[in-house]
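Residue-level listing of the chains:
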Amino acid sequence: MEVKSFSGEIPVQKKGGAFRRWLKIGIWVSLTFFVIGLVSAGGILYYFSQDLPPLDSAGTYVPSQATRIYSDKNEIIGQYFIEKRVFVPIKEMPKHLIQAILAVEDARFYEHRGFDPIRIVRAFFKNIESGQLRQGASTITQQVTRSLFLTPEKTLQRKIKELILSRKMELLLTKDEILEIYLNQIYFGHGAYGVQIASKTYFGKNVADITLEEAAFLAGLPKAPNNYSPYRDPERAKLRQRVVLKRMAVENYISEETYREAYEKDLVFQKLHPGEDSALYFKEYVRQYLIKRYGDDVVYKGGLNVYTTLNEAMQQMAETAMQEGLRQLDKRQGYRGPIRVYEPEALEDSEGLEPVKRARRFVVGDFHEARVLSRTDAYAVVEVEGHEGKILLEDMLWAARQLTGPDIRKDRKLIDKPRPQDILKLDDIVQVQVKQVPSMSGDQKTTGKQSLAKEKALLFRLEQEPLVEGAFVALNPSTGMVSAMVGGYDFKRSEYNRAMMAKRQPGSAFKPIIYGTAIERGFTPASILNDNPVIFTDDETHKVWKPENYEKRFYGPTTLRDALTHSRNLATVKLLREIGIRNVVSYAHRMGIESPLTQDLSLALGSSGISLLELTSAFGVYANEGVRVAPAFISSVTDKDGQVLESRNLDPQKVLSRETAYVVTNILEDVVQRGTAKRARVLGRPVAGKTGTTNDYTDAWFIGYTPNLSAGVWVGFDDNRSLGYREAGGRAALPIWVSFMDEALSLLPVVPFSIPDDIVYAKINRTTGYLSEEGESGEMEIFVKGTEPEHEDKALTSPTDFFRLDQEAGAF
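This one's a predicted model, so the numbers in the text were calculated from it and none came from an experiment.

Caption draft 1: Region of interest: the overall build of the chain. Secondary structure summary: the chain contains 21 helices and 26 strands in total. Per-residue burial for the chain yields a buried fraction of 51% across its 812 residues. In the chain, the proportion of contacts linking residues at least 24 apart, taken out of those at least 6 apart, comes to 70%.

Caption draft 2: Representation of the packing of aromatic side chains in the model. With the rule as written, the count across this model stands at 22 aromatic pairs. Relative to Phe 491, the ring of Tyr 281 lies with its centre 5.0 Å away and its plane at 85°, an arrangement referred to as edge-to-face. Of the two residues, Tyr 281 is situated in helix α11 (residues 280–294) and Phe 491 in the loop between β13 (482–486) and α15 (511–520); the sequence distance between them amounts to 210 residues. Within the aromatic cluster, the residues linked to one another by ring pairs are Tyr 202, Phe 203, Phe 217, Tyr 231 and Phe 269. Directly above the ring of Tyr 263 sits Lys 238, whose terminal nitrogen or CZ lies 4.8 Å from the centroid.

Caption draft 3: Representation of the sheet that holds strand β12 (residues 469–475) within the structure. Spatial strand order, β13-β12-β24-β23-β22: five strands in an open sheet with antiparallel pairing. Edge positions in the open sheet fall to β13 and β22 (688–693), since each of these has one partner strand only. Strand-to-strand, the axes of this sheet are offset by a mean angle of 5°, without reference to chain direction. Here eight bridges tie strand β23 (residues 699–706) to strand β24 (residues 709–716), and the two strands are oriented antiparallel to one another. Looking across to β24, one finds that Asp 699 is bridged to Gly 716. Contacts from helix α19 (residues 612–623) reach β12, β13, β22, β23 and β24, with the element oriented near 30° to β23. Contacts between helix α20 (residues 658–674) and the sheet are confined to β22 and β23, with β22 contributing the most and set at about 65° to the helix.

Caption draft 4: Looking closely at the side chain of Thr 479. Structurally, the position occupied by Thr 479 is in the loop between β12 and β13. On the basis of relative accessible area, Thr 479 is assigned to the buried category, the value being 17%. Within polar-contact distance, the side chain of Thr 479 engages the backbone nitrogen of Met 481 at 3.3 Å. If we ignore the near neighbours within four places in the chain, the residues touching Thr 479 are Val 629, Ala 630, Arg 648 and Leu 650.

Caption draft 5: Fine view of the sheet that holds strand β20 (residues 644–647). Strand order across the open sheet formed by five strands is β2-β1-β3-β19-β20, with mixed pairing between neighbours. Edge positions in the sheet fall to β2 (76–80) and β20, since each has one partner strand and no second. On average, each strand axis in the sheet is tilted by 15° relative to the strand beside it, whichever way the strands run. As judged from the three bridges shared by strand β19 (residues 634–638) and β20, these two strands associate in the antiparallel manner. From the neighbouring strand, Val 637 faces β20, where its bridge partner is Glu 646.

Caption draft 6: A look at helix α7 (residues 194–203). Within α7, nine of the 10 residues are buried, which leaves it mostly tucked inside the rest of the structure. Contacts made by the buried residues of α7 are with α2 (95–105), α6 (175–185) and α8 (212–220).

Caption draft 7: Local environment of α11. Taking 1.5 Å of rise per residue, 15 residues should cover 21 Å, and α11 covers 20 Å from first to last C-alpha, within 8% of that figure. All buried positions along α11 are accounted for by Leu 280, Tyr 281, Phe 282, Lys 283, Glu 284, Val 286, Leu 290 and Tyr 294.

Caption draft 8: Structural view of the packing of α2 against helix α9 (residues 234–250). Viewed as axis vectors pointing N to C, α2 and α9 meet at an angle of 95°, and their least axial separation amounts to 8 Å. Taken together, α2 and α9 sit at an angle that is classed as roughly perpendicular. Contact residues: α2 offers His 96, Gln 99, Ala 100, Ala 103 and Val 104, while α9 offers Arg 240, Val 244, Arg 247 and Met 248. Class assignment for the residues of the contact of α2 with α9 results in five nonpolar, two polar and two charged.

Caption draft 9: How the structure looks around the environment of Gln 643. For Gln 643, the location among the structural elements is in the loop between β19 and β20. Relative accessible area serves as the criterion here: at 51%, Gln 643 is assigned to the exposed category. Remark: the alpha-carbon pair of Gln 643 and Asn 305, spanning 338 residues in sequence, is separated by 9.7 Å. For Gln 643, the residues in contact, after removing those within four places along its chain, are Val 637 and Thr 638.

Caption draft 10: Up close: the nonpolar core. Ranked by internal contacts, the top residues of the largest apolar core, which has 118 residues, are Leu 290, Phe 472, Phe 510, Ile 513, Val 715, Trp 737 and Phe 740. When residues in this core are grouped by element, the largest group, nine residues, is from helix α21 (residues 729–744). Ignoring any residue separated from it by four or fewer positions in sequence, one finds Leu 290 in contact with Ile 69, Tyr 80, Gly 295, Val 299, Val 306, Ile 634 and Val 637. In terms of nonpolar packing, the next biggest core, distinct from the first, is built from 49 residues, Phe 109, Ile 181, Phe 203 and Ala 219 among them.

Caption draft 11: Spatial organisation of a nonpolar patch on the surface. On the surface, a cluster of nonpolar side chains totalling about 320 Å² of accessible area is made up of Ile 755, Tyr 761 and Met 780. Along the chain, Ile 755 falls in the loop between α21 and β25 (759–764). On the accessibility criterion, Ile 755 (41% relative accessible area) is partly exposed.

Caption draft 12: Geometry of the packing of α19 against α20. At their nearest, the axes of α19 and α20 sit 8 Å apart, and the two run at 110° to each other. Considering the angle they form, α19 stands roughly perpendicular to α20. On the side of α19, the interface is formed by Phe 619, Val 621 and Tyr 622, while α20 contributes Ala 661, Val 664, Thr 665 and Leu 668. Residue composition of the contact of α19 with α20, by class: six nonpolar, one polar and no charged.

Caption draft 13: A look at the environment of Gly 337. Relative to the assigned elements, Gly 337 resides in the loop between α13 (312–333) and β4 (340–341). We classify Gly 337 as partly exposed; its relative accessible area is 23%. With 93 residues separating them along the chain, Gly 337 and Val 430 place their C-alpha atoms 8.0 Å apart.

Caption draft 14: Region of the structure containing the pairing of β24. Counting buried positions along β24 yields eight of eight residues, so the element is predominantly enclosed. In this structure, β12 lies alongside β24, joined through seven bridges in antiparallel fashion. Counterpart to Leu 475 in the pairing with β24 is Ser 710. Count of turn residues in the β23/β24 antiparallel hairpin: two residues.

Parameters and conventions
- Per chain, residues are indexed from 1 in the order of the written sequence.
- Local features in this predicted model are restricted to residues whose pLDDT is 70 or higher, and side-chain atom pairs enter the listing and the counts only when it is 80 or higher, whereas totals over whole chains, interfaces and linings include all residues.
- Side-chain metrics rest on all non-hydrogen atoms present in the structure, leaving aside hydrogens and water.
- A run of DSSP states H or I qualifies as a helix once it reaches four residues; a run of E qualifies as a strand once it reaches two. Both are numbered from the N-terminal end.
- Three exposure classes are used, based on accessible area relative to the maximum for each residue type with a 1.4 Å probe and protein chains only: buried under 20%, partly exposed in between, and exposed over 50%.
- Note on contacts: a residue pair qualifies if any of its non-hydrogen atoms lie within 4.5 Å across the two residues.
- Two rings from Phe, Tyr or Trp (for Trp, the six-membered ring) form a pair when their centres sit within 6.5 Å of each other. Planes less than 30 degrees apart are called stacked, planes more than 60 degrees apart edge-to-face, and all others tilted.
- Geometrically, a charge over a ring is one whose NZ (Lys) or CZ (Arg) sits within 6 Å of the ring centre while staying within 35 degrees of the ring normal.
- Any two strands between which DSSP finds at least two bridges are classified as paired.
- With axes taken as lines fitted to C-alpha atoms, and helix axes fitted only over the stretch in contact, angles between N-to-C directions fall between 0 and 180 degrees.
- Definition of a polar contact: a pair of N or O atoms within 3.5 Å, with one able to donate and the other able to accept a hydrogen when the atoms are protein atoms, and with sequence-neighbouring residues admitted only if both atoms are side-chain atoms.
- Multiplying 1.5 Å by the residue count of a helix minus one yields the expected span of that helix.
- These descriptions rest on fixed angle ranges, namely under 35 degrees for roughly parallel, over 145 for roughly antiparallel, 65 to 115 for roughly perpendicular, and the rest for oblique.
- Note on residue categories: nonpolar means Ala, Val, Leu, Ile, Met, Phe, Trp, Tyr, Cys or Pro, charged means Asp, Glu, Lys or Arg, and polar means any other residue, Gly included.
- Put simply, buried Ala, Val, Leu, Ile, Met, Phe, Trp, Tyr and Cys residues joined by side-chain atoms within 4.5 Å make one nonpolar core.
- Patch definition: residues with relative accessible area over 30% and no salt bridge; like charges joined within 9 Å; nonpolar side chains (Val, Leu, Ile, Met, Phe, Trp, Tyr) joined within 5 Å.
- The Shrake-Rupley method, run with a 1.4 Å probe, gives the accessible areas here. Residue values count only the displayed protein chains as cover.
- The rule for a salt bridge is simple: a side-chain nitrogen of Lys or Arg has to be within 4 Å of a carboxyl oxygen of Asp or Glu.

By themselves these figures say nothing about function.
Right, dumping it as structure tokens:
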């Protein structure tokens, strides 16, 4: 029997065959694209893997060694390094610090394999949503590879290499090893790399002792160390800490209650870089010297030990005296107005968290920026970091002298009967200094007047950052060791070292060099000089020079002692003409002054630019009884293994007789006792020195010394503007010197100036310069043996006969 098929069976079979055929084609196409994609990805990976750096060093990570700088007491005062860090094993780090870092930087660190696809997708959509690149997706592993092996450039090529290296690193190292490198490598701001240095920098403690609230603060820094610095923006730093604590709660590292408790606790920050913010000019000079001698690599990576001459206590005294002195001078010059006017700014990166007013520990003497909120006739109310305080009228009266331009004389106006409303405007941002802090106890910490101390209010003084500059040097005259050096008001504002690099006219501070030359050439303190008008005309230029005294008057015949004590210009010019310019230049060079000196009579008035260090060292020769020892900043240098690379040997040179040095010193003691430096009498011990002032009060100097300490001060503007009327050396520079010496000399024994055997005493008539007659009143004077004057009736020559025309007399 013939079997027939149903008519519908064949189409069904045909349709099924077509589907299988298309399915087969689809599979082949997909496989083809997959293979092409796989090959392409492999090719890309192979291409970018060709020049990848080896990861062998990742497992043996060791930071380079910093060069350490030591004080004269062998205490570390600074370091030179590329990156400052101290390696700490992860097992020595507190668990809450690790959790804080993971919570805010890479919550899935222990789950991903080098990079996190989920985080990448999340960041991609959030950035699209915001329209900005606000969220990154780099894992901790990626950050380590980027930091150790790649450049910081932001390119697709670098990102691909970063992903490849991250995966390789995950195969080479354990998660804990990667995290350990990260925690020792990451930057936390203010020069601190790694959690140990960060803990020391911000809290002054080892990382093992960091608390939860401190750990949360540190964990928030790596994202933007400058933005979240508590020294720059404490409010934003606190908000960032709150973000970290919240993330820790979300990740179940801490409870909500612990989160709130930690946030409410105060953070007490260490003074920024204690000991390392001091002596910046000194350390910069040492750094430049070391680089010139040993090279960059050795200085920054070689672990040198540099033992300097710096005395930390004296350096701090010098910086404090300089800053306070310049602030007082700046106030006398006048108030320049507010720093800026307040403008509200929205805080970024706060994740919607509102700032919270927190307790603030104010310290008397600290400086802050303040916003003026209101004013009355007696005070102004200001806000500092969310806290209100007052500036009393008495603490802003100096600002009644107001400057409207750079010229201190032409651009200054005086407010008559000033009130706070006349000085400060609402929303002014001004600088203030803490005068009084709130206290519940009877022993209220205050400075200055105590008129409102009973109110126990937060009080401030109105201040402003000085524009005027200054320099200071102190050294031991017998060793040349520089104990302290200040090159300007603020190294961060200007790195120019005015103590060493600036060549300024010393004015009358140069006169002891001239008078020393005269003593050496036979003049005595009793020699009579004529302080009378004189006019000099240059034969070539026909330029006329008519020197005059500071007091705008003439004093006639005067003894050499009085001429130097009271800084008589005319007598000094005539003395220079008599002893010879070339002789003074030679004498100055012996004293250690290497700067070129003017070859005319204006040299008598200090017209040649010299450095403060040169002149202070030269005065040290007088203090050291005629022996010069060159200034020194470094005692010795050793390598990382302790091998001595260099060591200073004293090279004292006898450049003056003891007698010449003592006679000059004795006269300079008179400058302090009854001359232009009488303010220094408050020190109550043997002190010698000389003030200096240049034309139009452009430069103010004081150089002074005791037998065991020589110190000098210069004050002026970098652009040679006038310091202001009557801002002479005795007013602008001497108070800084006295402030320093008052403290520094307390560290040293009281030593009198040694009197040489060939110094003799005789009573003289100060009018004639002759020995006093029997029964005649007179004054005791010192002389180098053999130079004593005679009685007038026996004298073959008069003390005034020293004035004879020198071959250089016509020089101008």
